[in-house]
Amino acid sequence: MYISETRSNLSNKFQDILDGKKVDTPLVGTATTSAILELMDISGASRPEADRDPEKMVKLASSFHTVARFEVIRIPFDVTVVGEALGCQVDIGTKARTPSIITHPFDKDPSEFNVPADLLERGRIPVVMEAISILKNDQGLEAPLVAGVEGPADLASYLCGIKSFLKLTVKKPEIAREIVEKCVDACIVCANTYLHSGADAVVVADSLSSPEMIGPDAFRNIVKPALIRFNEKINDHSILHICGEVDSIIPDMLECGFNAISVEENVKDLEYIINSAHRNNTAVIGNVSTADTLYRKAPEDVRKEAFKCLDANIDILAPGCGLAPETPLRNLLAMVEARDKYAVKKF
Ligand SMILES: [Zn+2]
């Protein structure tokens, strides 16, 4: 097989981790958004161009491996690509400001929404496809590449507006469910295309599924069935990232059938999460604080927090959530150093 013959050690290790196999040391990298200003300067690829031009996206993504020494990298660098392709307008942002959704085309009548037949030709989806293909096929990127799609609850909130969608989940859950199912159809189409283009795994990032946002009951009744269907239709490795204190929905997240879950620093009990996940043959990615430690503390603090994750048996040491653009490069390098030191100490 072409793929297994050319697959790098890092890719093999990544696949093993996602297959629930034991590996000697954890990988360091990210499955969440990660464009930082210092790497934009070093790579010569800044946003907004790095979000919209495949060559620039490739340059910035590569720098996470060659400069920050990350062993798992993720594109795109924002969470509006699928929303934009579904018809939402996007503020493309600036070098230091991440793109955001500014219009909700189905706020008046959510039942009008259907996934466009030409979805894969719309917005920046072709840009992401091309960047994946250049990274994996033309450049033979050694590091595993994770391609991100917005999750179905996030997409539903983009299309309807967050307040309207949350209201629907309470007042008209059957309509909310219908929209979420259509949104997950879009996720499935994009994810399979990204995997086909060469991505090693796909991550579904659904911040609205956080218990602090949609609530555990609505997650179970409305979002979880869609995420289960997502995995029934994906023929490769998949990761689920949900923001916030997800402890109460961990069993449900695990039942969705992803190979790994990515959690952030606000979880209450990382050891409980990792133990539950490992019993389910699921890997855990996380969870060095992005809002606090990585953003504004010293490399020494990053190393301390990384050690805690490593002591808890994390499978891929990663930022807990999306990195702030101002996050210093030295703090990303401190994560890699921490893993290297830990590996020497422990193994
Ligand atoms: Zn998050």
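This text follows the structure it describes.
Now for a quick tour of the structure. (Residues numbered from 1 in each chain as written. Predicted model: local features only at pLDDT ≥ 70, side-chain atom pairs only at ≥ 80, totals over all residues. Heavy atoms only, no water.)

Some remarks on helix α7 (residues 125-138)
For α7, built from 14 residues, the straight-helix expectation of 20 Å at 1.5 Å per residue is met to within 8% by its first-to-last C-alpha distance of 19 Å. Taken together, the buried positions of α7 are occupied by Ile125, Val127, Val128, Ala131, Ile132, Ile134, Leu135 and Lys136. Looking one or two places after α7, you find Gly140, whose phi comes out positive at around 60°. (Helix = DSSP H or I, 4+ residues; strand = E, 2+ residues; numbered from the N terminus. Expected span 1.5 Å × (residues − 1). Buried < 20%, exposed > 50% of the residue type's maximum accessible area, 1.4 Å probe, protein only.)

Comments concerning the sheet that holds strand β1 (residues 27-28)
The strands making up a sheet are joined through hydrogen bonds of the backbone, oriented either antiparallel or parallel. Pairing is parallel in the open sheet, where 8 strands are placed in the order β1-β10-β9-β8-β7-β6-β5-β2. In this open sheet, the two strands that pair with only one neighbour each are β1 and β2 (73-75). Bridge count between strand β9 (residues 283-288) and strand β10 (residues 316-319): 4 bridges; the pairing is parallel. The partner of Asn287 across the bridge, within β10, is Ala318. (Pairing = 2+ DSSP bridges.)

Some details on the coordination of the zinc ion
Protein-derived coordination of the zinc ion comes from His241 (NE2), Cys243 (SG) and Cys321 (SG), at a distance range of 2.1 Å. Mapped onto the sequence, the residues coordinating the zinc ion show the spacing H-x1-C-x77-C. A residue pair is termed long-range when its members are at least 10 positions apart, and Cys243 in the loop between β7 (238-241) and α12 (250-255) and Cys321 in the loop between β10 and α16 (329-346) qualify at 78 residues. (Donors = N, O, S within 2.8 Å, 3.2 Å for Na, K, Ca; no water.)

Things to note about the packing of aromatic side chains
Taken as a whole, this structure holds 4 aromatic pairs when the rule is applied. For the pair Phe64 and Phe70, a centre-to-centre distance of 6.2 Å together with 50° between the ring planes defines the contact as tilted. Exposure remark for Phe70: the relative accessible area of 0% places this residue in the buried category. Ring centres of Phe230 and Phe258 lie 5.9 Å apart, and the angle between their planes is 20°; this geometry places the pair in the stacked category. Placement of the pair is Phe230 in helix α11 (residues 216-233) and Phe258 in the loop between α12 and β8 (260-262), with a sequence separation of 28 residues. For the pair Phe230 and Phe258, a shared accessibility class is recorded, and that class is buried. (Phe/Tyr/Trp six-rings, centres within 6.5 Å; stacked < 30°, edge-to-face > 60°.)

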